[in-house]
Structures are given as structure tokens and as C-alpha cells.
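Observations on chain architecture
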Amino acid sequence: VERTFVMIKPDGVKRGLVGEIISRFERKGLKIKALKMKWLTREEAEKLYEVHRGKPFFEELVDFITSGPVVAMILEGDSAVEVVRLMIGPTDGRKAPPGTIRGDFALDIGANVIHASDSRESFEREYKVFFSDEEIVGDY
Ligand code: GTP
Ligand code: MG
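Note that the structure is predicted; figures quoted are calculated from it, not measured.

What counts as what
Residue positions are counted from 1 within each chain, in the order its sequence is given. Working convention: letters from A go to chains and numbers from 1 go to ligands, in the order in which they are written. Given that this is a predicted model, residues contribute local features only at a pLDDT of at least 70 and side-chain atom pairs are listed and counted only at 80 or more, while totals for whole chains, interfaces and linings are drawn from all residues. As used in this record, a residue near a molecule or strand is one whose C-beta atom, placed from the backbone, is within 6 Å of it. Strands are runs of DSSP state E lasting at least 2 residues, helices are runs of H or I lasting at least 4, and numbering of each runs from the N terminus. Polar here means any residue outside two lists: the nonpolar Ala, Val, Leu, Ile, Met, Phe, Trp, Tyr, Cys and Pro, and the charged Asp, Glu, Lys and Arg; Gly therefore counts as polar. We call two strands paired when DSSP finds no fewer than two bridges between them. In this analysis, axes come from line fits to C-alpha atoms, helices being fitted only over the stretch in contact, and the angle between any two N-to-C directions falls in the range 0 to 180 degrees. UniProt positions are given in the numbering used here, feature names are shortened, and annotations may be inferred rather than shown by experiment. Comment: burial labels come from other C-beta atoms within 10 Å of the residue's own C-beta, placed from the backbone, where a count of 20 or more is buried, 12 or fewer is exposed, and between is partly exposed. In this description, any two residues whose backbone-derived C-beta atoms lie within 7 Å of each other are considered to be in contact.

**Some points on the site of ligand 1**
- As a matter of local geometry, ligand 1 sits amid His 52, Phe 57, Glu 60, Leu 61, Thr 91, Ile 109, Gly 110, Asn 112, His 115, Ala 116 and Asp 118.
- Put simply, the parts of the chain that give the shell around ligand 1 at least two residues each are helix 4 (58-65) and strand 4 (114-116).
- Across the shell around ligand 1, the residue classes break down as four nonpolar, five polar and two charged.

**Brief notes about the sheet that holds strand 4**
- Taken together, the four strands give an open sheet; going across it, the order is 2-3-1-4, and neighbouring strands pair in antiparallel fashion. Edge positions in the open sheet fall to strand 2 (31-38) and strand 4, since each of these has one partner strand only. Between one strand axis and the next, the sheet turns by 15 degrees as a mean value, whatever way the strands run.
- Bridge count for strand 1 (residues 2-8) against strand 3 (residues 70-77) is seven bridges, and the pairing is antiparallel. Residue pairing for strand 3: Ile 8 is matched across the bridge by Val 71.

**Observations regarding the UniProt feature "domain: Nucleoside diphosphate kinase-like" (unreviewed entry) in the chain**
- The UniProt feature table records "domain: Nucleoside diphosphate kinase-like" (unreviewed entry) at residues 1-138.
- Taken end to end, residues 1-138 comprises 41% helix and 19% strand; its first and last C-alpha atoms sit 14 Å apart.

**Things to note about the UniProt feature "binding site: ATP" (unreviewed entry) in the chain**
- As recorded in UniProt, the feature "binding site: ATP" (unreviewed entry) lies at Lys 9, Phe 57, Arg 85, Thr 91, Arg 102 and Asn 112.
- Checked against the element boundaries, Thr 91 lands in the loop between helix 5 (80-88) and helix 6 (101-105).
- Its 14 C-beta neighbours within 10 Å are what place Thr 91 among the partly exposed residues.
- When residues no more than four places from it in sequence are discounted, the contact partners of Thr 91 are Ile 109 and Asn 112.
- With residues up to four places along the chain from it excluded, the contact list for Asn 112 reads Thr 91, Gly 93, Arg 102 and Ala 106.

Right under this line is the structure:
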């Protein structure tokens, strides 16, 4: 089994999509191993998105991700990283296929409802912004 990190962004939380999104992952068969609501500080947001530092959209991205609370979770299942990326769809909501989370709920490249780790290495870095290892539940 593999783990991945998922974060419902402030637009998804404000629009009341938390239940819908978690429900999709549960129905898929992914197991929730940790779950938390949090309003990120600028420092935490910059750490989460440090790979994008210097890009033209970086400031806008940090402003957006700190504009309201987010809901973060660790999901577990076979090929979780790849499966969840397929379920969320491409970055630009206008190009994301219907059936994906962004395809069904987003119409923007910045405000695109959800983030998910793009590799095992990203997962290892990203989950630590939100969770201590003690907050990950044991097998159930
Ligand atoms: P994440 O799961 O959030 O990491 O999205 P991603 O992996 O599909 O995209 P990427 O890592 O390339 O970009 C991270 C986030 O930055 C995106 O989800 C967007 O919210 C934002 N972003 C990326 N490109 C642009 C852009 O051209 N303009 C704006 N405003 N935001 C962007
Ligand atoms: Mg990314």
C-alpha cells in the first residue's frame, strides 16, 4: 500500500465541497489515515509550495491558499498517489475532464478546489506541514 497527501483548498471549503470530495475517496476504497482542518500561515503555505517559489504565480498562490481554512488528509491504498491524481484531474479546471474533481467543480487554474501529492517524495515532504507521525492512525 501507498499513502498520499490531499488538501481541499479554501475555495472547496467555502463552497461546501468537503463532504462530496471525501465521499469520492471513500467510495473509491481509499482509507483515511489522518484528517485536519487548518488555516495556514504564510510561512506554512510557502513551505508547502516551496517548489513553486520564484514562479510568476507564487505570490497569488500563497495569497489564495491562506485566504481561508483548508482540509488536509492522508489517504492510503494501492497506488494511492497515482489514483488520487487521476481522480482530481489536470491543474486547469477548464481542461479537466468531467468525472474528475476539478473537471466537475473547478473553472480556474488557480482556484482549483484540491491539491494532491504528485509523487511519493512530495508526499513525504507535504504531509509534515500538517501532521505529526502520532496523528496518523494505525491499521483499521
Ligand atoms: P497541486 O495539486 O495544487 O500541486 O496542483 P498541480 O500539481 O496540478 O499543479 P502545480 O503543482 O503545477 O501548481 C500548484 C498550484 O499552483 C495549482 O494547483 C494552482 O492552484 C496554482 N497554479 C499553477 N499554475 C498556475 C497559474 O498559471 N496561475 C495561477 N494563478 N495559479 C497557478
Ligand atoms: Mg503540484
